Amino acid sequence: QGRDFDPSVVTKPARNTSYFPSEVILTRAVAGELFPGESALGKTIYTALGQPARVVGIVEGMHGSWPSWDKVDHVVFTPVVSDEQQARYLVRAKPGQRDAMMKLAEERLGARDNGRIIVRVRSLEYVAARSYADDRAMAVYMTVVIGLLLSIAALGIFGLAAFNVSTRTKQIGTRRAVGARRRDVVRYFMVENWMVTTAGVLFGCALALALGYWLSVSFELPRLKLYYLVAGVVVLWVVGLVAALIPARRAALVSPAVATRTV
């Protein structure tokens, strides 16, 4: 939306100055946060020093330089040419011609200035992958940890259910002797396990909410989304029921004859 910069406002200010241009272009994320429910075009924004600038354009999206920041899409474009000893060029290529264009760009830049030192030529795909490498490694690490914790929880539920079956063999046999069907026995142990699992899940949710609130207050981190808790509850329910299924089916195989045995 809007327009591009007026060439007359493009400038190259001296170093170590507080110059701020009179026009800016915002990403839609910034525009929506600064001017919720209305158009940001033509509005004036200010720097921390009170310098005004008019919004002349809005672009759909652009990532900033800090991919781990939760506001990575909050970008403001200014018509300022940086006064630096080095420069970065972003070259757009047609589909299928990226690699050839990378080589050609390096050759043309070198031919234009023999004293130019080209540090590197990289694809945007490479830059994005490297930028998110730490986040990706952390995601893999946390996935493995969560998988191990779920496995430990499943083993614990399985062991507890198996222990209950082994210590209540006569009770199971008595129920079978008075007419309980195998599916009744399975349902009994599954419901009992579900109740125990639910009690643990509710306790864990309370701790998670308390910890999330403390982190958000102490370190200004975003609060834990409730759908994560809902997903965690569902996953633990499923894991608990699956882990208890084998002991429950084993209980259903207990013969009614065990109820007449002397213990």
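The paragraphs below set out a description of the structure included in this document. (Residues numbered from 1 in each chain as written. Predicted model: local features only at pLDDT ≥ 70, side-chain atom pairs only at ≥ 80, totals over all residues. Heavy atoms only, no water.)

### Considering the overall build of the protein
Stated formally: Where helices and strands are cited, they refer to DSSP runs of H or I of at least four residues and of E of at least two residues respectively, numbered from the N terminus. Note on method: radius of gyration uses C-alpha positions; expected globular size equals 2.2 Å times residues raised to 0.38.
Per the secondary structure count, the protein includes 7 helices and 4 strands. For the protein, the N- to C-terminal ordering of α and β elements is β-α-β-β-β-α-α-α-α-α-α. A compact globule built from 263 residues would reach a C-alpha radius of gyration of about 18 Å, whereas the protein, at 32 Å, exceeds it by more than 25%. Taken along its principal axes, the extent of the C-alpha atoms in the protein is 100 × 45 × 30 Å.

### Here's the deal with the pattern of salt bridges
To be explicit about the condition: Any Lys or Arg side-chain nitrogen found within 4 Å of a carboxyl oxygen on Asp or Glu counts as a salt bridge.
Per the counting criterion, the structure on display carries 9 salt bridges. Here Arg181 and Asp184 are joined by a salt bridge, their closest N and O atoms 3.2 Å apart. A single salt-bridge network, built from bridges that share partners, covers Arg98, Asp99 and Glu125.

### What about the environment of Trp214?
One can find Trp214 in helix H6 (residues 182–219). The spacing of Trp214 and Val165 is 49 residues in sequence and 41 Å in space, taken between C-alpha atoms.

### A word on the layout of surface pockets
As a reminder, the rule being used: Think of a 1 Å grid over the protein atoms and nothing else: a 1.4 Å probe that fits but is trapped marks a cavity, an open set flanked by protein within 12 Å on at least five of seven lines marks a pocket, and residues with an atom within 4 Å of a point count as lining. Grid points are joined across faces, edges and corners, and a volume is the space filled by probe spheres set on the points. Residues are grouped as follows: nonpolar covers Ala, Val, Leu, Ile, Met, Phe, Trp, Tyr, Cys and Pro; charged covers Asp, Glu, Lys and Arg; every other residue, Gly included, is treated as polar.
Its volume calculated, the largest pocket comes out at about 2,800 Å³. Lining the largest pocket are 47 residues, and of these Ala87, Arg88, Tyr89, Leu90 and Leu124 sit closest to its centre. Among the elements that take part in the lining of the largest pocket, helix H2 (residues 98–112) stands out by supplying 7 residues, more than any other. Considering only residue class, the lining of the largest pocket consists of 24 nonpolar, 10 polar and 13 charged. In this structure, the second largest pocket spans a volume of roughly 830 Å³.

### A few points about the pairing of strand S3 (residues 52–59)
Let me state the cut-off plainly: For two strands to pair, DSSP has to find at least two bridges joining them.
In this structure, strand S1 (residues 23–27) lies alongside S3, joined through 5 bridges in parallel fashion. Within S3, the residue paired with Leu26 across the bridge is Ile58. Examined bridge by bridge, strand S2 (residues 44–46) and S3 share 3 bridges and lie antiparallel to one another. Considered in S3, the bridge of Tyr46 is made with Pro52.

### Here we look at the side chain of Arg176
The condition is simple: The criterion used for residue contact is that any of the two residues' heavy atoms lie within 4.5 Å.
Along the chain, the position of Arg176 falls in helix H5 (residues 169–177). In this view, Arg176 contacts Arg181, Arg182, Val185, Ala252, Val254 and Pro256; residues no more than four positions away in its chain are not counted.

### Notes on empty space enclosed by the protein
Applying the stated rule across the entire model yields 1 cavity of 30 Å³ or more. When its volume is computed, the largest cavity comes out at roughly 40 Å³. Around the largest cavity, the lining residues are Gln171, Ile172, Arg175, Val185, Tyr188 and Phe189. Going through the elements one at a time, H5 and H6 are the ones with two or more residues in the lining of the largest cavity. Split into classes, the residues belonging to the lining of the largest cavity amount to 4 nonpolar, 1 polar and 1 charged.

### Points about a positive patch on the surface
Put simply, the test is: Patch membership is restricted to residues that have no salt bridge and whose relative accessible area is over 30%. Joining uses 9 Å for like charges and 5 Å for the nonpolar side chains Val, Leu, Ile, Met, Phe, Trp and Tyr. All accessible areas in this document rest on Shrake-Rupley with a 1.4 Å probe, and a residue is counted as covered only by the protein chains that are shown. We treat Lys and Arg as the positive residues and Asp and Glu as the negative residues; His and chain ends play no part in the count. Working definition for charges: the position is that of NZ of Lys, CZ of Arg, CG of Asp or CD of Glu. Burial classes: relative accessible area under 20% of the type maximum marks a residue as buried, over 50% as exposed, and values in between as partly exposed (1.4 Å probe, protein chains only).
Together, Arg88, Arg120, Arg122 and Arg130 give the surface a local cluster of positive charge. Turning to its location among the elements, Arg120 is positioned in the loop between H2 and helix H3 (124–131). Residue classification places Arg120 among the exposed positions, given a relative accessible area of 56%.

### Remarks on H6
Our working rule: Take the number of residues in a helix, subtract one, and multiply by 1.5 Å to get its expected span.
Between its terminal C-alpha atoms H6 stretches 54 Å, which fits the 56 Å expected from 38 residues at 1.5 Å a residue. Three or more residues of H6 are buried, namely Asp184, Val185, Val186, Phe189, Met190, Asn193, Thr197, Thr198, Val201, Cys205, Gly212 and Ser216. Of the residues flanking the end of H6, it is Glu220, one or two places downstream, whose phi is positive at about 55°.

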